[in-house]
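Take a look at the letters that make up each chain.
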Amino acid sequence: MTARINPIAPRLKWDVLSPGELERIHEATLEIIEEVGVRFPSDKALTVLEQNGCEVDRATQVARLPSKVVMEAVARAPREYVLAGRDPAADMHIDGRHCYLSNDGSGVFVFDHKTGEKRPSTKNDAATSARFVDALPNISYYWGPVVTSQDVPPATKALHDAEAVFTNTSKHFQTVTTVGEKPARYLVEMAAAIAGGGDKLRERPILSFMQCAVDPLGHDGPNLEANLVAAEHGLACGFMPMPLAAGTGPATLAGTLVVQNAGALSGVVLLQLAFPGAPCFCAGAPSVIDLKTGGYTGGSPEDYLLAAASTQLAHFYGLPMAMGTMATGAKEPDWQAAIDDSLSTFASVMSSADMMNGAGLLNGSKILSYPHMVMETEIYSIVQKVAGGIEVSDETLALDVIKKVGPNGTYLAEKHTRAHMTEIWRPTVWDRTSYDTWLREGKKGALHKATEIADDILENYRPEPLPEDAVWELRAIVDRADKELAGA
Amino acid sequence: MTELCPITTSPTKLALKILGDDDLRRVHAAALALLGAEGAAAEKAARLAPDTIVLGGRVFEHHTVLGAAHCWLGTGGPAALVRPREGGDPRPATVADLDEACRLADALPEVAVVYGPPVRAAGETLLADLARCFATTSKHVQLTTLRSVDEARAMLRMAIAVAGSEVELRGRPPVSLSAGADALGAASVFARAGLPVGVVAAPNGRAAGDDDQADLGAALVRHHAGVLAACAAIQATVPGAPFFYVADPALAGLAAGSPAAAMFLIAAVQLAAHIGLPVSAVGMTTSSHEPDWQACTQNAFAALSTMAAGADLTAGAGTLGGGNVFSAQQLVMDSEIFSWNARLAAGVTVDEETIALDAIRQVDICGNFLGQRHTRRHMKDVWRPRLLDRSMWDAWVASGREGAYEKASELVDKHLAEHQVLPLGDEVTETLARIVAEGGTVLP
């Protein structure tokens, strides 16, 4: 039976920063957080910080966090925890030893691979995407939504998204669109309804939160307050800075790492001061500016160095890291998408990013393509194989077999080969046929095969249904939220 | 006008490892054990070989140095077929294709070494192929097809003519040899003259290259033993001869572009470092038949494996179908992959200037760094693509949905229309023609 989820436990380690360099960026981060400070535009957050020894300027909403406070707060964060699935087989053990891939999130278009055109996403697309992710073992949890519900009231969009997700996947759900205290409380209520109550949700947290930070050195008020609600209920949460070197970060990578680290770490400090011991994580999607347009590059070598180094920094503090991974800027699942996704995934896995966000979107996280998501899971499986490393033992060195086969022999009939041949990685969408076979079979490339797989899932896959009473309960909560928050 | 663009290279700061220290020693010891009584001598011989090797170009700007913690790119080859530039099915390669491939390699700043030669022109001798390579690029040529001792001698004469003298040949050798066990005799001819060589001789005379090896550990042991044995044979003939470690998944019997090939490459680079030899790795050998998504994933992983592990030369650029087909567009696209990986391999510089504390203090919270002097000083350091599309969706649709392949095609056309190769000179050209006319074997 196929495993429900398929994390990577990397044996390879790629340290982009030396211990001395790591220490230096850490010290620079503390200096900036203490001297320049970080903007927390939330009275609730500022009060928490002030009560814990931080210097707060209410007019500018900037808090200066003493190094001692920062390090003591970070020390309270748990090193390991579980992000539960509704299906226990989909539980994620955040323990520093496993890398879990999610889908990408917050897209606004769906690419119709039959017509080649894109269209705005709807709540139905959020639901379909959750069902699709549920079918792919290489995608361990649902992040987002992949594409947002744009046919519902904006004020309760996140709750409609969540309803679509919860009813279509039994994997863990990490929301990235829930902002503000009230929507967050509604969402927690929805998760509790599925889990069987608040206490049960705390025991088996099927929901977690991620919020974007505002670079450089700032946070967004509603985002802060949503994460404070999550932490209050024992749900894991974190803040994702996305500094652009030469734009919202210095043009040099080391400087941008300081900005990235300050954003992620300051969020963790707030959460630990408010709710000591609450599960939390660092997050990040640092990049560089596109010098031609001033915009987001959607993939460059600097991105991957920043990703690996940021993950090293999070682990330096003993904190998990959720790293922006894949998320190509390509418009199609093409050559450009391949290099973006391959190197990005390699960097995140080799630096042991605990969570990787994620697969399925094109054009800088805007456009959902199901065949593209399938192709990205192939890239994931390649990296998984390489990250597993080479086992060196008497059995794998096989000296006796090499001597026995001798010159010009073959290993095909050897028992040793039969014992190990199933360990050889096999492709799902790559083509390894001869040129003539490939020609005869209609030049079917990876995209063709991925499209066949995607169509099969879309047509035939059915997830484990949410119990009917829970479905109705979610509907009632969303209705209530529509009335209160959207005036519907 | 003749252009002499310096070759693009990058320091390799990162050191990706797949074998722990104990595992590394264990694989090395197993390889020595496989060599039996010759094992100890082979290990000693490896220590005689120099740890840096110059691969000379015809001009200083085109010199390549192996063993200096920098990464360099080589083309693939020899491909018997060529994918036409205008598209369509592959066809047998001609001398015109060889000329184009070498001229394109000469024009691309990322390409340091013309490997192979890139295409094998139908009906031509290897000597004639080499003469064409010398005429159509001033970059170093690393041969992979040479087997005959007589041809090696003839090529040596050609190389002396190109270098100017036997002394200059040793200082900046314009040609080197990378091959399997059947090239040991030819390699000895090269080594005696100071031309760099890298050979994989399977232990006990066994030909390397089974494709049914289930266990990567065993493949590594056999390959490493093959390199040690060849190194010992060369050093016994010419102590101190420049010898590099050939890391070629095909010679280890591994499927082109597979995860196993990527893992093998990382381990081979580690093993080379363990015995102090520079590495020439065949890192780009996609099995895809087109310059597409699959070709890119395979070559991106393979190139990352060699370059992040610290290989000196990553060869294989420009080929499809497991090395059987040359494609000009693929060479440009692989050059972009190299450029991408070179930036990765260079890592992150951490010092007072790059940490930029003053710049961070000067910028308002939630402000931007665009106007900072620090940004102006460093913005040129930001890597810039040639083939990626970063436009908005509507602009991309308006452009006809141009992708990397179309951009690569434009670059190929531009280079082949405009690039002029540094001429060899009449006297050298005549000498090469005379040596070619004296004879050589027509390749099958």
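Residues numbered from 1 in each chain as written. Chains lettered and ligands numbered in written order. Predicted model: local features only at pLDDT ≥ 70, side-chain atom pairs only at ≥ 80, totals over all residues. Heavy atoms only, no water.

So, on to the overall build of chain B. Scanning chain B from terminus to terminus reveals 17 helices and 15 strands. Sequence separation of 24 or more characterises 75% of the internal contacts of chain B that already satisfy a separation of 6 or more. For chain B, the exposed area adds up to about 15,000 Å²; of that, 53% sits on carbon and sulfur atoms. (Helix = DSSP H or I, 4+ residues; strand = E, 2+ residues; numbered from the N terminus. Contact = heavy atoms within 4.5 Å. Areas by Shrake-Rupley, 256 points an atom, 1.4 Å probe, with all protein chains shown as cover.)

On to the overall build of chain A, then. The secondary structure content of chain A amounts to 18 helices and 19 strands. Over its C-alpha trace chain A gives a radius of gyration of 23 Å, about what one expects of a compact globule, namely 23 Å for 488 residues. For chain A, the exposed surface amounts to about 16,600 Å²; the carbon and sulfur share of it is 53%. Looking at chain A, you have 43 positive and 62 negative side-chain charges, and the mean spots of the two groups are 4 Å apart. (Rg over C-alpha atoms; globule rule 2.2 N^0.38 Å. Lys, Arg positive; Asp, Glu negative; His and termini not counted. Charge placed at Lys NZ, Arg CZ, Asp CG, Glu CD.)

Residue and element names in this part refer to chain B. One can describe the packing of helix H4 (residues 126-136) onto helix H17 (residues 426-438) by two numbers: an axis separation of 9 Å at closest approach and a directional angle of 165 degrees. Regarding the angle of H4 to H17, the classification is roughly antiparallel. As H4 packs across H17, the resulting crossing turns out to be left-handed. Touching Leu127, Ala128, Ala131 and Phe134 of H4 are Leu432, Ile435 and Val436, all from H17. By residue class, the composition of the contact of H4 with H17 is 7 nonpolar, no polar and no charged. (Axes fitted to C-alpha atoms, helices over the stretch in contact; angles between N-to-C directions. Parallel < 35°, antiparallel > 145°, perpendicular 65-115°, else oblique. Left-handed = near helix turned anticlockwise from the far one by under 90°. Nonpolar A, V, L, I, M, F, W, Y, C, P; charged D, E, K, R; others polar.)

Interface size is commonly expressed as the accessible area that is lost once the parts come together. Contacts between the two partners involve 110 residues from chain A and, on the opposite side, 96 residues from chain B. Buried area between chain A and chain B, both sides added, is near 8,800 Å², and the carbon and sulfur share of it is 71%. Inspection of the region where chain A meets chain B yields 9 salt bridges. As a salt-bridge pair, Glu35 of chain A and Arg361 of chain B come within 3.1 Å of each other at their nearest N and O atoms. When residues in the side of chain A that touches chain B are grouped by element, the largest group, 8 residues, is from helix H11 (residues 335-350) of chain A. Looking at the side of chain A that touches chain B residue by residue, the class counts come to 58 nonpolar, 27 polar and 25 charged. (Buried area = accessible area lost by both parts, 1.4 Å probe. Salt bridge = Lys/Arg side-chain N within 4 Å of Asp/Glu carboxyl O.)

So, about the sheet that holds strand S8 (residues 117-120) of chain A. Residues and elements named next belong to chain A. Pairing within the open sheet is mixed, and its 4 strands lie in the order S8-S7-S19-S18. What marks the edges here is a single partner per strand, and that holds for S8 and strand S18 (361-362). In this structure, S18 lies alongside strand S19 (residues 367-368), joined through 2 bridges in antiparallel fashion. Along S19, the bridge assignment pairs Leu361 with Leu368. (Pairing = 2+ DSSP bridges.)

Quick look at the pairing of strand S7 (residues 109-112) of chain A now. Look at any regular strand and the pattern is simple: side chains alternate between the two faces of the sheet. Residues and elements named next belong to chain A. Sheet analysis places S7 next to S19, joined by 2 bridges and oriented parallel. Pairing of Val110 across the sheet is with Leu368, part of S19. Summarising the sheet, S7 and S8 pair through 4 bridges and their orientation is antiparallel. Bridging from a neighbouring strand, Phe111 pairs with Lys118 of S8. With antiparallel pairing between neighbouring strands as the criterion, S7 and S8 make up a hairpin whose turn holds 4 residues, including Gly116 at a positive phi of roughly 80 degrees.

Turning next to the sheet that holds strand S15 (residues 325-326) of chain B. Residues and elements named next belong to chain B. Read from one edge of the open sheet, 4 strands run S6-S5-S15-S14, paired in mixed fashion. Sheet topology places strand S6 (91-92) and strand S14 (319-320) at the edges, where each strand pairs with a single neighbour. Where S14 and S15 come together, 2 bridges link them in antiparallel fashion. What sits directly across from Leu320, in S15, is Val325.

This part covers the confidence of the model for chain B. Residue and element names in this part refer to chain B. Here chain B averages 92 in pLDDT, while 95% of its residues score no lower than 70. Across residues 204-212, confidence stays below pLDDT 50; counting only partners more than four residues off in sequence or on other chains, it has 30 contacts. Among the prediction metrics, the complex's ipTM stands at 0.94, with pTM recorded as 0.95. (pLDDT = per-residue confidence, 0-100.)

This part covers the environment of Glu38 of chain B. Looking at the secondary structure, you find Glu38 of chain B in the loop between helix H1 (21-35) and helix H2 (39-48). Looking at Glu38 of chain B, the relative accessible area reads 54%, which means it is exposed. (Buried < 20%, exposed > 50% of the residue type's maximum accessible area, 1.4 Å probe, protein only.)

Across the 11 residues that make up H4 of chain B, a large majority, 9, are buried. Considering only its buried residues, H4 of chain B is in contact with helix H3 (95-107), strand S8 (140-143), helix H5 (149-163), strand S9 (175-180) and H17 of chain B.

Below, the discussion takes up the packing of H4 of chain B against H5 of chain B. How two helices sit against one another is set out by the angle between their axes and by the gap between those axes. Residue and element names in this part refer to chain B. Interhelical geometry of H4 versus H5 gives an angle of 15 degrees and a closest axis separation of 10 Å. For the element pair H4 / H5, the angle class is roughly parallel. Crossing hand, H4 versus H5: right-handed. On H5, the residues touching Leu126, Leu127, Leu130, Ala131 and Phe134 of H4 are Glu151, Ala154, Met155, Met158 and Val162.

Ranked by internal contacts, the top residues of the largest apolar core, which has 295 residues, are Trp14, Phe40 and Phe166 of chain A together with Leu177, Phe190 and Phe243 of chain B. Tallying contributions element by element places helix H9 (residues 253-274) of chain A first for this core, with 13 residues. The residues touching Phe40 of chain A, leaving out its near neighbours within four places in the chain, are Ala45, Leu46, Leu49, Gln61, Ala63, Leu65, His219, Leu224, Ser266 and Leu270 of chain A. Ranked by size, the runner-up nonpolar core spans 18 residues in total, among them Tyr81, Leu83, Ala283 and Ala322 of chain A. (Core = buried A, V, L, I, M, F, W, Y, C linked by side-chain atoms within 4.5 Å.)

So, about the pairing of strand S14 (residues 280-284) of chain A. Residue and element names in this part refer to chain A. The buried fraction of S14 is high, at 5 of 5 residues. Neither face of S14 is open: one carries Cys280, Cys282 and Gly284, the other Phe281 and Ala283, and all of them are buried. The pairing of strand S12 (residues 237-240) with S14 spans 3 bridges and is parallel. By the bridge assignment for S14, Cys237 is matched with Cys280. Sheet topology note: the S14/strand S16 (residues 321-324) ladder contains 3 bridges and is parallel. Bridged to Cys282 within S16 is Met321.

Turning next to the environment of Ala347 of chain A. Residues and elements named next belong to chain A. Structurally, Ala347 is set in helix H11. For the pair formed by Ala347 and Val16, sequence separation is 331 residues and the distance between their alpha carbons is 9.5 Å. The residues touching Ala347, leaving out its near neighbours within four places in the chain, are Trp14, Tyr304 and Ala308.

Further remarks concern unusual backbone geometry. Peptide bonds are, in most cases, trans, and in most cases residues other than glycine have a negative phi. In this model, Asp215 of chain A is joined to Pro216 of chain A through a cis peptide bond whose omega is -10 degrees. Topologically, Pro216 of chain A is positioned in the loop between strand S11 (207-212) and helix H8 (221-232). The peptide bond linking Gly77 of chain B to Pro78 of chain B adopts the cis configuration, its omega dihedral lying at 5 degrees. Relative to the assigned elements, Pro78 of chain B resides in the loop between strand S4 (70-75) and strand S5 (81-82).

Following the sequence through the fold, Gln336 of chain A ends up in helix H11. Gln336 of chain A sits in the buried class, given a relative accessible area of 4%. A polar side-chain atom of Gln336 of chain A sits 2.7 Å from the main-chain amide nitrogen of Asp389 of chain B. In this view, Gln336 of chain A contacts Thr328, Gly329 and Ala330 of chain A together with Leu387, Leu388 and Asp389 of chain B; residues no more than four positions away in its chain are not counted. (Polar contact = N/O pair within 3.5 Å; in protein donor to acceptor, adjacent residues only side chain to side chain.)

Moving on, we come to the pattern of salt bridges. Evaluation of the coordinates by the stated rule reveals 49 salt bridges over all chains. Close ionic contact of Lys68 of chain A with Glu72 of chain A constitutes a salt bridge, the shortest N to O distance being 2.9 Å. Taken as a pair, Lys68 of chain A and Glu72 of chain A lie in helix H3 (residues 67-76) at a separation of 4 residues, close to a single helical turn. Using a relative accessible area of 60% as the deciding quantity, one classes Lys68 of chain A as exposed. One salt bridge in this structure joins Asp358 of chain B and Arg361 of chain B, with 3.2 Å as the shortest N-O distance. One end of the pair, Asp358 of chain B, and the other, Arg361 of chain B, are both in helix H13 (residues 357-362), 3 residues apart, so they sit about a helical turn from each other. A relative accessible area of 52% means that Asp358 of chain B is categorised as exposed.

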